[in-house]
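# Breakdown of the fold
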Amino acid sequence: MRKSITMIKHTITELIRQAIRAAQGQGDLSSFTLPKIPLEHPKQAEHGDYATPICLQLANLARMAPIELANVVVKYLPETNYLSEIEIAHPGYINFTLDDAWLAQQVETILAAREDYGNIDIGYGKKVQVEYGSANPTGPLHVGFGRNLVLGDSLANVLEAAGYDVQREYYVNDTGSQMRLFNETLYARYAQALGQAAEIPEGGYPGQYVVEWSQEIAEEEGAKYLNMPHSEAVTAIGKMGLAKVVDCIKGDVELLGVHYDHWYSEQSLYDDGYFAKIMAILRQAGHVAEREGAVWFTATESGGDKDEVIVRSDGEPGYFASDIAYHYNKFVERGFDWVIDVWGADHQGHVPRMKAMMRALGLDPERLTLIIYQLVTLKRGGEVVRLSKRTGDIITLREVIEDVGPDAVRFFLLARAADSQMDFDLDLAVEQSAENPVYYVQYGHARIASILGYSKERVPDFSGGDVSLLRHPAELALIRQMLLLPEVVEQAAENLAPHHLTYYAQDLAAAFHSFYKECRVVSSDPADSELNKARLKLVSAAKIVLAKTLRLMGMTAPERM
RNA sequence: GCCCCUGUAGCUCAAUUGGAGAGAGCGUCUGACUUCGAAUCAGCAGGCUGCAGGUUCGAGUCCUGCCAGGGGCGCCA
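Residues numbered from 1 in each chain as written. Chains lettered and ligands numbered in written order. Predicted model: local features only at pLDDT ≥ 70, side-chain atom pairs only at ≥ 80, totals over all residues. Heavy atoms only, no water.

### Structural notes on the packing of helix α18 (residues 485–494) against helix α19 (residues 500–518)
Put simply, the rule reads: Note on geometry: axes are lines fitted to C-alpha atoms, helical ones only across the stretch in contact, with angles between N-to-C directions running from 0 to 180 degrees. The numbering of helices and of strands both runs from the N terminus, where a helix is a DSSP run of H or I of at least 4 residues and a strand a run of E of at least 2. The cut-offs work like this: below 35 degrees is roughly parallel, past 145 is roughly antiparallel, 65 to 115 is roughly perpendicular, and the gaps in between are oblique. Each crossing gets its handedness from the near helix: less than a right angle anticlockwise from the far helix is left-handed, clockwise is right-handed. Contacts are assigned to residue pairs that have any heavy atoms within 4.5 Å of one another. The nonpolar class holds Ala, Val, Leu, Ile, Met, Phe, Trp, Tyr, Cys and Pro. Asp, Glu, Lys and Arg form the charged class, and all remaining residues, Gly among them, are polar.
Contact geometry of α18 with α19 gives a least axis separation of 9 Å together with a crossing angle of 165 degrees. By the angle between their directions, the pair α18 and α19 is classed as roughly antiparallel. The handedness of the crossing between α18 and α19 is right-handed. Contacts between α18 and α19 pair Leu485, Val488, Gln491 and Ala492 from the former with His500, Leu501 and Tyr504 from the latter. Looking at the contact of α18 with α19 residue by residue, the classes come out as five nonpolar, two polar and no charged.

This is how it looks when you write it as structure tokens:
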């Protein structure tokens with residue numbers, strides 16, 4: 001059973017709310033409705049662990065100077081065991097400092113929570129689907145797609161920790177014109193492999209991998225498809241090709257530690273009747289129009305920026321037809337409360353139509369979130385690498401992972417906000433992978449494992465350790481960092497911004513390394529034996545928090561490196 | 001031409017969503033291994049947050065106009 005702990009941040013926020021209400025009840029404050037109470041971490045340590053600027057915000061509403069208001073609020077704040085100091089600072093901040101003894105005690109809380117530490121309850125078990133990756137199944141994954149995978153996968157981890165019921169899905173675009181081109185290419189390569197003269201089609205896929213797959217098919221199946229009607233042969237070979245591509249992609253994502261709950265076939269939307277269903281719904285509601293021989297979704301009437309073709313004049317449904325059916329399936333058939341799609345910036349123009357589609361289907365557009373991340377620019381030694389589909393010159397995710405390592409790739413791709421453009425310099429990535437901050441974090445974890453190993457003979461049992469002995473500034477600083485994990489999870493979940501984890505991970509590791517330098521954990525001095533036990537508890541807790549943070553980012557927590 | 005994203009230290013990026021002297025990593029420079037891992041620690045230097053206005057008690061963050069970069073504006077996905 002999944003557990004979660006109450007965040008001290010929320011406890012303090014609630015304390016402030018109660019104080020203001022109490023002051024209003026006693027007539028010391030005029031009555032007004034309370035906004036959300038902001039509580040932040042002051043940048044300077046002398047301002048305490050938490051601070052609220054609420055009195056600055058309420059000054060107008062309360063018709064009082066901020067500093068007077070702060071005085072009133074503080075008067076109504078009850079005594080607690082977790083705050084050692086509450087002070088009012090100019091021009092009206094209230095600063096809170098956590099109590100040292102209370103802090104030390106939190107080590108026990110973390111040890112008891114184990115891998116559940118960091119889990120919070122803001123999702124209330126809401127069913128959410130995160131759809132990410134979803135590259136066209138026409139070849140191995142390209143490096144740039146790594147950002148999509150890492151972003152989506154880490155976000156899914158975070159939402160899970162935040163208490164959502166998360167499903168991870170890969171949408172396999174196994175139909176449409178790109179797929180047909182791929183199949184035609186595959187067939188041409190197959191014919192070539194059997195010594196026939198064949199040209200790959202205009203706009204086809206010239207990559208070497210297609211040649212290899214066709215070769216395999218030729219070896220496995222022989223020449224029988226050469227004697228079939230062309231379209232029949234292409235369909236049959238395409239089916240085998242698709243299986244190979246999907247296997248290839250599954251292998252690629254596996255290398256990054258990405259595991260999907262579900263691979264959803266676009267073709268199945270047509271086979272299972274969802275497309276027919278949504279067409280009937282849209283027609284009945286008057287959201288389609290026929291013009292120029294095509295069937296259009298009149299998005300402009302549902303708040304979209306322009307109309308979109310559903311069925312092309314050649315009778316084939318377009319990609320948007322699938323998108324409508326797919327999302328209808330997600331919300332109505334599969335019952336997701338919330339769907340998050342992770343898309344590259346090259347699809348941003350499509351967002352307003354998706355929202356219009358939601359309205360047309362009678363669904364709340366808020367239930368669909370499109371995360372748009374900026375595309376990765378590939379560089380090699382400072383020069384932009386232009387990828388050419390025409391020449392088949394692509395750089396695969398797999399080769400970069402093999403050069404740099406999965407953890408370093410994940411950390412690098414995760415460490416920026418989705419809105420931030422980023423360059424991926426292949427030469428630099430290999431050169432600098434040894435300096436990747438992920439190793440700094442993992443080293444912290446391995447170091448603790450090493451300490452615990454070292455202590456086994458000298459301090460076989462530290463379960464009776466008294467954490468109240470933890471009073472050293474470096475010890476308390478480490479505990480303070482550990483206490484932030486639930487807040488980071490909350491922040492990352494609320495803003496759909498898993499990149500916060502990478503910064504937190506470094507701060508946490510820094511607090512540990514600093515503590516390690518300052519405080520001897522396993523000392524040979526018998527006078528320190530009780531302190532040793534307390535510190536072994538502290539580092540055990542730190543190991544839990546580091547491991548959890550790494551896991552949320554989809555990285556390994558090594559015992560040694 | 002219109003729409004979306006971005007512009008912060010030499011480089012790559014953060015900044016709790018409008019809060020207190022704008023912070024990290026890399027790089028530079030100075031120190032620290034004779035007991036638990038130096039893949040580490042302690043410290044120095046580095047800024048007119050692209051430019052100009054505006055809103056606000058308070059702006060890197062919001063508004064307007066410029067400048068620069070990326071992406072989009074297909075019966076491709």
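### Remarks on the layout of surface pockets
Empty space left among the atoms is revealed by rolling a probe the size of a water molecule over them. Using the following cut-off: Each cavity reported here is a set of points on a 1 Å grid over the protein atoms alone in which a 1.4 Å probe fits but cannot get out, each pocket an open set with protein on both sides within 12 Å along at least five of seven lines, and each lining residue one with an atom within 4 Å of a point. Grid points are joined across faces, edges and corners, and a volume is the space filled by probe spheres set on the points.
Taken as a whole, the second largest pocket holds about 620 Å³ of empty space. Lining the second largest pocket are 24 residues, with Lys9, His41, Glu487, Val488 and Gln491 sitting closest to its centre. Of all the secondary-structure elements, those providing two or more residues to the lining of the second largest pocket are α1 (8–25), α18 and α19. The residue makeup of the lining of the second largest pocket, split by class, is eight nonpolar, seven polar and nine charged.

### Some thoughts on the packing of aromatic side chains
Going by this rule: In this analysis, rings of Phe, Tyr and Trp, with Trp reduced to its six-membered ring, are considered paired at centre separations within 6.5 Å, and the interplanar angle assigns stacked below 30 degrees, edge-to-face beyond 60, and tilted for intermediate values. The rule is simple: take the accessible area with a 1.4 Å probe, protein chains only, and divide by the maximum for that residue type; under 20% is buried, over 50% is exposed, in between is partly exposed.
Going through the model one piece at a time under the given rule, you end up with 17 aromatic pairs. When the ring of Tyr170 is compared with that of Tyr260, the centres are 5.4 Å apart and the planes differ by 90 degrees; the resulting orientation is edge-to-face. With a gap of 90 residues between them, Tyr170 in strand β5 (residues 165–172) and Tyr260 in the loop between α8 (230–255) and β6 (262–265) connect regions that are remote in the sequence. The pair formed by Tyr170 and Tyr260 is uniform in burial state, with each residue classed as buried.

### Examining the packing of helix α2 (residues 54–62) against helix α3 (residues 66–75)
In contact at an axis separation of 8 Å, α2 and α3 are set at 100 degrees when each is read in the N-to-C sense. Comparing the axis directions of α2 and α3 gives the class roughly perpendicular. For the pair formed by α2 and α3, the contact residues are Cys55, Leu56, Leu58, Ala59 and Ala62 on the first element and Pro66, Leu69, Ala70 and Val73 on the second. Here the contact of α2 with α3 is built from residues that sort into nine nonpolar, no polar and no charged.

### Digging into the sheet that holds strand β9 (residues 308–311)
Spelled out, the test is: Two strands form a pair only when DSSP identifies at least two bridges running between them.
Within the open sheet, the three strands sit side by side as β7-β8-β9. Their pairing is antiparallel. A strand with exactly one partner marks an edge of an open sheet, and here the two such strands are β7 (288–291) and β9. Taken pair by pair, the neighbouring strands of this sheet meet at an average axis angle of 45 degrees, ignoring direction. Taken together, the three bridges between strand β8 (residues 294–297) and β9 define a ladder with antiparallel strand orientation. Among the inter-strand pairings, Val295 is bridged to a residue of β9, identified as Val311. On top of the sheet, helix α10 (residues 274–284) reaches β7, β8 and β9; it is set at about 125 degrees to β9, its chief contact. On top of the sheet, helix α11 (residues 319–333) reaches β8 and β9; it is set at about 80 degrees to β9, its chief contact.

None of this, on its own, says anything about what the molecule does.
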